Amino acid sequence: MAEWVVLNRLHTGHGHCKELLFKWKMADLPDCDCDHPFQTIHCILKDCPIREFKGKTRELHDATVEAITWIKALDIIL
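All figures in this text were calculated on a predicted structure; none of them were measured in a lab. All residue numbers refer to positions counted from 1 along the written sequence of the respective chain. pLDDT decides what is reported in this predicted model: residues at 70 or higher carry local features, side-chain atom pairs at 80 or more are listed and counted, and totals for whole chains, interfaces and linings draw on all residues regardless. Note that water and hydrogens are dropped before the side-chain values are worked out from all heavy atoms of the structure.

**Student:** I tried to follow the environment of Asp-75 on my own but got confused; where do I start?
**Tutor:** Among the secondary structure elements, Asp-75 is positioned in the segment after helix H5 (65-73). The spatial distance from the C-alpha of Asp-75 to the C-alpha of Asn-8 is 18 Å, given a sequence separation of 67 residues. Pairs of N or O atoms are called polar contacts if they sit within 3.5 Å, as long as, within protein, a hydrogen donor faces a hydrogen acceptor (for residues adjacent in sequence, only side-chain-to-side-chain pairs). A polar contact of 2.7 Å, which involves the side chain of Asp-75, links it to the side chain of Arg-51. For helices the rule is a DSSP run of H or I covering at least 4 residues; for strands it is a run of E covering at least 2, with both sets numbered from the N terminus onward.

Shown next, in the form of structure tokens:
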């Protein structure tokens, strides 16, 4: 299930965010399209007004319906 892959990446902080893609020379810039200078897992989860997870971190750990729904709705592949 692809959602479990994303959940594991969120837990470890090593998803395919632009900061890492930039580091691996797979993106031109490390910035988020919400104007944050670095698109990190933390930015995506907590700071990004476009993608922020509105629930609690525990919901991600428990893979609640809300967390899985949020992952499925993401417009980026982590």
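**Student:** Sorry if this is basic, but what is going on with the side chain of Thr-40 here?
**Tutor:** Along the chain, Thr-40 falls in the loop between helix H2 (18-23) and helix H3 (41-47). Burial classes follow relative accessibility: with a 1.4 Å probe on protein chains only, a residue under 20% of its type's maximum area counts as buried, one over 50% as exposed, and anything between as partly exposed. A residue is classified by how much of its surface remains accessible, and Thr-40, at 16% relative accessible area, is buried. Contacts between residues were defined by any pair of non-hydrogen atoms, one from each residue, lying within 4.5 Å. The contact partners of Thr-40, leaving out residues within four places of it in the chain, are Cys-17 and Glu-19.

**Student:** I'm lost on the nonpolar core in this one. Help?
**Tutor:** As a rule of thumb, nonpolar side chains are buried together in soluble globular proteins. The definition of a nonpolar core used throughout is a set of buried Ala, Val, Leu, Ile, Met, Phe, Trp, Tyr and Cys residues joined through side-chain atoms within 4.5 Å. One finds Leu-10, Leu-45, Leu-60, Trp-70 and Leu-78 to be the most contacted residues of the largest nonpolar core, which totals 17 residues. Of all elements in the fold, only helix H1 (2-12), H3 and H5 reach the threshold of two or more residues within this core.

**Student:** Just to check I follow, could you spell out H5 for this structure?
**Tutor:** Owing to its 3.6 residues per turn, the α-helix brings residues three or four apart onto one side. Every buried residue of H5 is accounted for by Ala-67, Ile-68, Trp-70 and Ile-71. In a view along the axis of H5, the buried residues occupy a sector of 160°, so they form one face of it. Along H5, the residues that are exposed and aim more than 90 degrees away from the buried face are Val-65, Lys-72 and Ala-73. Along its buried surface, H5 packs onto H1, H3 and helix H4 (57-62). Here, the arc refers to the directions that run from the helix axis to the C-beta atoms.

**Student:** Could you clarify how one ought to interpret the pattern of salt bridges in this entry?
**Tutor:** Two side chains with opposite charge may pair up if their charged atoms get near one another. Note on definitions: salt bridges are taken to be side-chain nitrogens of Lys or Arg within 4 Å of carboxyl oxygens of Asp or Glu. Tallying each qualifying case throughout the model produces 5 salt bridges. One salt bridge connects Asp-75 with Arg-51, and the closest N-O pair in it is separated by 2.7 Å. Taken as a pair, Asp-75 in the segment after H5 and Arg-51 in the loop between H3 and H4 lie far apart in primary sequence, 24 residues in all. The buried category is assigned to Arg-51, whose relative accessible area is 4%. Within the structure, one salt-bridge network assembled from shared partners comprises Asp-33, Arg-51 and Asp-75.

**Student:** Whenever I open this one, the environment of Asp-35 confuses me. Can you help?
**Tutor:** Inspection of the secondary structure assignment puts Asp-35 in the loop between H2 and H3. Take Asp-35: its relative accessible area is 72%, and that puts it in the exposed class. Spatially, the C-alpha atom of Asp-35 lies 8.7 Å from that of Cys-48, the residues being 13 residues apart in sequence.

**Student:** Before we go on, may I ask you to explain the packing of H1 against H5 in this structure?
**Tutor:** Throughout, an axis means a line fitted to C-alpha atoms (over the contacting stretch in the case of helices), and angles, computed between N-to-C directions, take values from 0 to 180 degrees. Where H1 meets H5, the closest approach of the two axes is 10 Å, and the angle between their N-to-C directions is 100°. Our classification of the angle between H1 and H5 gives roughly perpendicular. Contacts from Glu-3, Val-6, Leu-7 and Leu-10 of H1 reach H5 at Ile-68, Trp-70, Ile-71 and Lys-72. By residue class, the composition of the contact of H1 with H5 is 6 nonpolar, no polar and 2 charged. Here is the rule for angles: anything less than 35 degrees is roughly parallel, anything more than 145 is roughly antiparallel, 65 through 115 is roughly perpendicular, and the remaining ranges are oblique. The nonpolar class holds Ala, Val, Leu, Ile, Met, Phe, Trp, Tyr, Cys and Pro. Asp, Glu, Lys and Arg form the charged class, and all remaining residues, Gly among them, are polar.

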